[in-house]
Amino acid sequence: MKETKVIELDEVAIRFSGDSGDGMQLTGTLFSDASALLGNDIATFPDYPAEIRAPQGTVGGVSGFQVQFGKKEINTPGDFAHVLVAMNPAAVKANAKFMKPGGTIIYDEDTFDEKHFQKAGFTTNDPFAELNLIDYTKIGVPVTSMTQESLKDMGLDNKSILRSKNMFALGLVCWMFDRPLDYIEEYIHAKFSRKPLVVESNLRVLHAGYNYGMNLQHMTPQYVVHPARIEPGLYRNINGNQATAWGLLAAAEKSDRPLFAGSYPITPATEILQVLAERKDLGAKTFQAEDEIAGITTALGASFAGHLAVTTTSGPGFALKSEAIGLAVMAELPLVVVNVQRGGPSTGLPTKTEQSDLLQALYGRNGESPAVVLAASTPSDCFWFAFMAAKIALERMVPVILLTDGFLGNGSEPWKVPSMAELPEITPRIALNREEYQPYRRDPKTYARFWAWPGMEGFAHRIGGLEKNISGNVSHDPDNHQKNCEIREAKVQKVVDLVPDLEVCGDPEGDLLLVSWGGTFGHTINTVRELRKKGKKVSLAHFNYIKPLPANTAEVFSKFKKILVCEINLGQFVAYLRDKVPGMAYYQYNKVKGLPFTVQELEEAVIKHLEA
Amino acid sequence: MSELKYTVKDFKSENEVRWCPGCGDYAIMNGIQRVMAEMGVDHKDYAVISGIGCSSRFPYYMSTYGFHTIHGRATAVASGVKCANPSLNVWVITGDGDAMAIGGNHFIHLVRRNINLNVIVFNNKIYGLTKGQYSPTTDRGFKTKTSPYGTIEDSFVPGQLVIGAGGSFYARTIDTNLKMSQEVYQAAALHQGTSIVEVLQNCVIFNNGVHEQITDPAFRQERQLMLRHGEPMLFGEDNRKGLIFEKGKLKVVTIGENGVTLDNILVHDAEDPDPGLHLALINMKLPAFPVAFGVIRSVKAPVYDQEMELQIAGVKKNSKITCMDDLLRSGNTWEVKENGFEPGPEGCPGRSAIL
């Protein structure tokens, strides 16, 4: 037997891919969790089709899951994968473009036949040549037949047997990357506790895959990735949607206002509603509405009744909520609207990521209709910005729009769990003084009105969508309308005193400031670090607070020769900055492919602007 | 709790009421205020939610908590109010345009969920606030500003939507009949679940007399059937006419003719879970039948807002998670020990330093 080739790496990206029904998302998630438990830092990116089960074996039906893990801080799932696990030829075809040159492809050789080649649209019997994947390490593994072989005496039908194929691949990859199987075994036991046959079959196949790797180690190199140096503490894996839901729950507890979520299922935001619906033990009320409009209007009703009200959606649903956001602006009720952005316009690319709802969030309503706009930057910090969105809404009596995106919502990373005591206080503006109460009497510092709800003795009042005076009564007075329009805008701008100053990563002055916002942080910070290693005078300013902008934005920008705004749209934030922070040398780099940035393309864009 | 006694005046706001002189809305508001005063509910616990339309100005004329929302969404906003705080007494004020057209979806889903709200649908078969366009309840062929040659569509019968959506309470009344209206508002308020009250309301400006055939005092007895639970379905002069069920259909008969006696006449059972006869009563129209009024359907059914509370209480009792700190530490977590951690390269901190 040849000696096993052991390769030590700082970071590795693996992409699992197969048919939508092959269980690749679960395989990827289990591998990621096992890696995080070993102490690696990780970042994941599920990349799946909009169709639940597209025709088997076709490129359109390929579902992928990429994870990068390493011994250093991991900020992205990796531009390109070192290792591709492909359950059929279509998976190779769909994912070849996401591979590092010279990477390793592990494929199920049982599916590499004429039938599958045709389905995947190959015209020859050599898919690798057809895709020009010449210098790659290609390891054919009889995944299907080995799975069948290891389960032949269990009396299962072929369909059930094939369902365990993903476990063979998982076992094999675990051996290659030196992951012990105990976490995965525990998961299988817990998940199928009532189905001993399923537990038995999955475990058998998992071990068969692991042992296959060990026995045939002359073919497969083994990689070692040491644990990362990360901040000590208690950790868990979390994706952006779960973090968003938990941030809202944390805000409800901190503010002592019960949570009400009115929402309608929509990809990729649905999971937030699902996670909240599980939390009846924390008193969360969830209302699956008949449509997006009822989602937000039930939430507004709950806000009128004194709850921390939220509605969660994605682009098209956000469009449907516009009128009701306007009502929240006019009535000056606290409300959090979460938009997990996806590719648009219209139905667009439901399962793909984009940052193209920024201008909709800022301006997409009738009338002068200002709302606070925040954006989260990593899967785990969705928790923090959901919490902050609720804090601002409750303390300033204003609707707050939180923008995340499909990349953050579905992507996951290890998260150092905070304790509730560490989080800032939330003090809702609850009315206290009956004698002086008028619904639109404002705090002179923040311009926020006071909140009173039905059931509170002595505060009965009327509010609505019509322009009003201080007592809430309808007013058509021209001067009053102008004054109110201005004060609603000023109230949002006053939120700036809750907004931390913009920080610069890198030197405070230089040739170029890379500017990004929201879910691109992992890629932009890696870009800037890489370029700085190469001696470039480049810094990063990343925005989480869009409206209002941090107070020192202009000051930060003024120290750089060029401002390069990178975003996953055709230039929405840069247009906003040109308007709000004029006089800077703005340049832009835009991509709208439904995919995250790659560090490589950002580096190239920056260098182009440095050399221009 | 001390006896809560209010007068109608306690429910009037200081705002000048600005409906047109002679508008049916005045009488409806008066009736609702009267019922509110007598219900023994604390004034602070009333909330009145409206959409858009003439009737939806209603909350501004009340002294209770009120929310004048956006077109069609009053039922949804009120659903949120009630689910947030089921101890409130919540009234929805809406019209045929607001509830049947732009808010049609919310209307049927509210009824389906059976949230404990009282919904007053002011049905004048016209858009009044926009000055006279046909609505979803306008009769086929009717000429309005947007149907100068007559409409070419059939109208909704609100009661049919209630039955179709599995509703637990439906009543019909007339703005000018104060006695009947008050009885109906009170029954609606006492019912546990979504109470839909359709009020035939007269718009004096854009659709004056739309319900005249029904309300004309000269023919009132012949054309209106007042339904009361447990009482026979009688109408006409001296209650000589009645309804029987024959060959699967309702039929008008006269007592004393063709051997018909009082015993043959149907007795109204508003509490019958089977909606068959309720639907037949709702469908009755002139001239073959009188129009049915009163509480047509009032049945017991699970109430959404109460179920929501019960489910939360049940889960709370059995869950190990009692606060956020429990949740944050639940499931798969791991401890990272001291390992020489540094917060990112110098001058370019990592994400933890940015927050």
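Residues numbered from 1 in each chain as written. Chains lettered and ligands numbered in written order. Predicted model: local features only at pLDDT ≥ 70, side-chain atom pairs only at ≥ 80, totals over all residues.

**Section: the interface of chain A and chain B**
Applicable threshold: Whether two residues are in contact depends on their C-beta atoms, placed from the backbone: they are in contact if these lie within 7 Å. Runs of H or I in DSSP of at least four residues are treated as helices and runs of E of at least two as strands, each being numbered from the N terminus. Under the grouping applied here, Gly and all other residues not named as nonpolar or charged are polar, the nonpolar ones being Ala, Val, Leu, Ile, Met, Phe, Trp, Tyr, Cys and Pro and the charged ones Asp, Glu, Lys and Arg. Being paired, for any two strands, means DSSP has found at least two bridges between them.
In this complex, chain A contributes 70 residues to the contact, which on the side of chain B involves 64 residues. Take the side of chain A that touches chain B: its biggest share by element is nine residues, from helix α12 (residues 292–304) of chain A. Taken together, the residues of the side of chain A that touches chain B sort by class into 33 nonpolar, 18 polar and 19 charged. Where strand β9 (residues 233–239) of chain A lies against strand β12 (residues 333–336) of chain B, four bridges are found, and the strand directions are antiparallel. Counterpart to A:L234 in the pairing with β12(B) is B:E335.

**Looking at the packing of helix α8 (residues 182–191) of chain A against helix α9 (residues 196–215) of chain A**
Residue and element names in this part refer to chain A. The following threshold applies: A fitted line through C-alpha atoms serves as each axis, taken over the contacting stretch for helices, and the angle formed by two N-to-C directions is quoted from 0 to 180°. Oblique is the label for any angle not covered by the other classes, which are roughly parallel (under 35 degrees), roughly antiparallel (over 145) and roughly perpendicular (65 to 115). Two helices cross in a left-handed way if the nearer one is turned anticlockwise from the farther one by less than a right angle. They cross in a right-handed way if the turn is clockwise.
At a closest axis distance of 9 Å, the pairing of α8 and α9 adopts a crossing angle of 160°. What the angle tells us is that α8 and α9 run roughly antiparallel. Crossing of α8 against α9: the hand is right-handed. Facing α8, whose interface residues are I184, E185, I188 and H189, α9 presents V199, N202, L203 and L206. The residue makeup of the contact of α8 with α9, split by class, is five nonpolar, two polar and one charged.

**A closer look at the sheet that holds strand β3 (residues 41–47) of chain A**
All names here are of chain A. With mixed pairing, six strands are arranged side by side in an open sheet as β3-β4-β2-β5-β6-β7. Two strands bound the open sheet, and with one partner strand each, they are β3 and β7 (137–141). Within this sheet the neighbouring strands show an average axis-to-axis angle of 15°, counted without direction. Direction of pairing for strand β5 (residues 81–86) relative to strand β6 (residues 99–108): parallel, over a ladder of five bridges. Across the sheet, residue V83 finds its bridge partner in β6, namely T104.

**Here we look at the packing of helix α5 (residues 143–150) of chain A against helix α7 (residues 165–176) of chain A**
Residues and elements named next belong to chain A. Contact pair α5 / α7: the axes reach a minimum separation of 9 Å and the direction vectors enclose 105°. Taken as axis vectors, α5 and α7 run roughly perpendicular relative to one another. Seen from α5, the contacting residues are V143, T144, M146 and T147; seen from α7, they are K165, F168 and A169. The residue inventory of the contact of α5 with α7, partitioned by class, reads four nonpolar, two polar and one charged.

**Description of the domain arrangement of chain A**
Residue and element names in this part refer to chain A. Cut-off, in case you're wondering: Each domain span listed reflects an automatic or database assignment of domains.
For chain A, the assigned domains are domain 1 (6–225), domain 2 (236–422) and domain 3 (504–611). A separation of 36 Å is found between the C-alpha centroids of domain 1 and domain 3. On the domain 3 side, the residues contacting the five residues of domain 1 number eight residues. Considered class by class, the residues forming the side of domain 1 that touches domain 3 number two nonpolar, two polar and one charged.

**Thoughts on the sheet that holds strand β8 (residues 234–235) of chain B**
Residue and element names in this part refer to chain B. The strand order across the open sheet formed by three strands is β8-β9-β10, and the pairing between neighbours is antiparallel. If you trace the sheet from one side to the other, it starts and ends with β8 and β10 (249–254), each paired once. In terms of strand pairing, strand β9 (residues 241–246) meets β10 through six bridges, oriented antiparallel. Following the sheet pairing, K241 is matched in β10 by T254.

**Thoughts on the confidence of the model for chain B**
Residue and element names in this part refer to chain B. Operational definition: Looking at any residue, its pLDDT shows the predictor's confidence there, from 0 to 100.
The share of residues in chain B with pLDDT of 70 or more is 95%, and the mean pLDDT across the chain is 94. Counting interchain partners and residues more than four positions distant, the pLDDT-below-50 stretch residues 350–355 has 14 contacts. For this predicted complex, the interface score ipTM comes out at 0.96, alongside a pTM of 0.93.

**A word on the pairing of strand β20 (residues 538–543) of chain A**
Residue and element names in this part refer to chain A. This is how it is decided: Counting other C-beta atoms within 10 Å of its own, a residue is labelled buried from 20 upward, exposed at 12 or fewer, and partly exposed in the gap between, with every C-beta atom placed from the backbone. The path from the first strand over the helix to the second decides the hand: if it runs clockwise while the strands point away from the viewer, the crossover is right-handed.
By the criterion of burial, β20 is predominantly enclosed, with six of the six residues buried. Looking at chain direction, strand β18 (residues 504–505) and β20 are connected through two bridges and run antiparallel. Bridging across to β20, C505 finds its partner in L540. Pairing analysis gives six bridges linking strand β19 (residues 510–517) to β20, with the strands arranged parallel. Residue L514 lies in a different strand from β20, and its bridge partner there is L540. Between the parallel pair β19 and β20, the chain is carried across by helix α19 (residues 521–533), and the sense of this crossover is right-handed.

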